[in-house]
Amino acid sequence: MPALKLSVVQYLNTVPLIWGMLRGEQQGKFDLRFTTPANCADAVHQRQADVGIIPSIEYQRLDRVQILSGMSIAAKNQVRSVLLLSKVPLAKIQTVATDNSSRTSAALLRVMMRKFYSRWITVIPLAPRPDIMLERADAALLIGDAALTYSGQVAEVYDLAAEWKRFTGLPFVFALWVGHEDRNLTKHHADFAASLQFGLAHIDDIAAEYALRLGMTAAAVKVYLTENIDYSLDEENRQGLRLFYKLAHETGIIPVEKALYFA
């Protein structure tokens, strides 16, 4: 049987999930293909990939898929890599340029503006270039490594995970391992879990390697991966995920609210 094809987000926060597949005992067991969050979801939808680290909102748009239990890319509090950069106070935002590779964060922004701030905004999807985004709109939604390493000057900066936590008291789940149920995901679950455990046990190695790539210190990378990102899918994270789906349905982002189905 050919190796499962995995569509993987090419951001720093994904690396611990796949470290065992890159450097550990799971190396060679999977066919890894790196891309953006939006393209990961599309690859799973089009069956170009068997499993993907997809934006959590996209689970609701896929049929006959399962979530690999126990793992996610989430934030218990501040995330630092999903930022709303604004030229004006939040209460005055009318237009937002969103990173065109983002789906969950863009949906979270719409939910928050409608439900928490009673704001109706116009969204303009653009390439993740903060200078151009802020020329075109009142605010820019930046995600991933571009947000984590952003060093520009802007009047207001909002961390969306921190804002979600402030209003709901719950963590926010940004991404999930999701795959087609006919690919026998339960059989492979142990390898996915072991790859993550290997990554968490080698955070220092990951930090040393990726600090150079991102122009950060190893210490800053380690803090991000251990304090800002949470890789579990515990009950608290699942509660946050269910609430996000409920509010996304109420705001018309998804037509129905599908239950969580785990492998």
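Right above here is the structure, for reference.
First, a word on scope: everything that follows refers to the structure included in this document. None of the values given here were measured: they were computed from a predicted structure. (Residues numbered from 1 in each chain as written. Predicted model: local features only at pLDDT ≥ 70, side-chain atom pairs only at ≥ 80, totals over all residues. Heavy atoms only, no water.)

### Looking at the pattern of salt bridges
Move 1: Tallied over the full model, the rule gives 18 salt bridges.
Move 2: Asp 131 is paired through a salt bridge with Arg 129; the nearest N and O atoms lie 3.4 Å apart.
Move 3: Owing to a relative accessible area of 44%, Asp 131 belongs among the partly exposed residues under this scheme.
Move 4: In this structure, Lys 222 engages Asp 204 in a salt bridge whose closest nitrogen and oxygen atoms are separated by 3.0 Å. Of this pair, Lys 222 sits in helix H9 (residues 218-228) while Asp 204 sits in helix H8 (residues 203-214); the two residues are 18 residues apart in sequence, bridging distant segments of the chain.
Move 5: Taking the relative accessible area as the measure of exposure, Asp 204 reaches 47% and is therefore partly exposed.
Move 6: Salt bridges sharing common partners tie together Asp 42, Glu 58, Arg 61 and Arg 103. (Salt bridge = Lys/Arg side-chain N within 4 Å of Asp/Glu carboxyl O. Buried < 20%, exposed > 50% of the residue type's maximum accessible area, 1.4 Å probe, protein only. Helix = DSSP H or I, 4+ residues; strand = E, 2+ residues; numbered from the N terminus.)

### As for unusual backbone geometry
Move 1: Despite not being glycine, Arg 47 shows a phi value in the positive range, around 60°.
Move 2: The topology assignment puts Arg 47 in the loop between helix H2 (37-45) and strand S3 (51-55).
Move 3: Positive phi, normally seen in glycine, also occurs at Arg 80, with a value near 75°.
Move 4: Locating Arg 80 in the fold gives a position in the loop between strand S5 (73-75) and strand S6 (82-86).
Move 5: Residue class for Arg 80 comes out partly exposed when judged on its relative accessible area of 23%.

### Thoughts on the side chain of His 189
Move 1: Relative to the assigned elements, His 189 resides in helix H7 (residues 185-201).
Move 2: Residue classification places His 189 among the buried residues on the basis of a relative accessible area of 18%.
Move 3: Setting aside residues up to four positions removed in sequence, His 189 forms contacts with Leu 68, Ser 69, Met 71 and Ala 263. (Contact = heavy atoms within 4.5 Å.)

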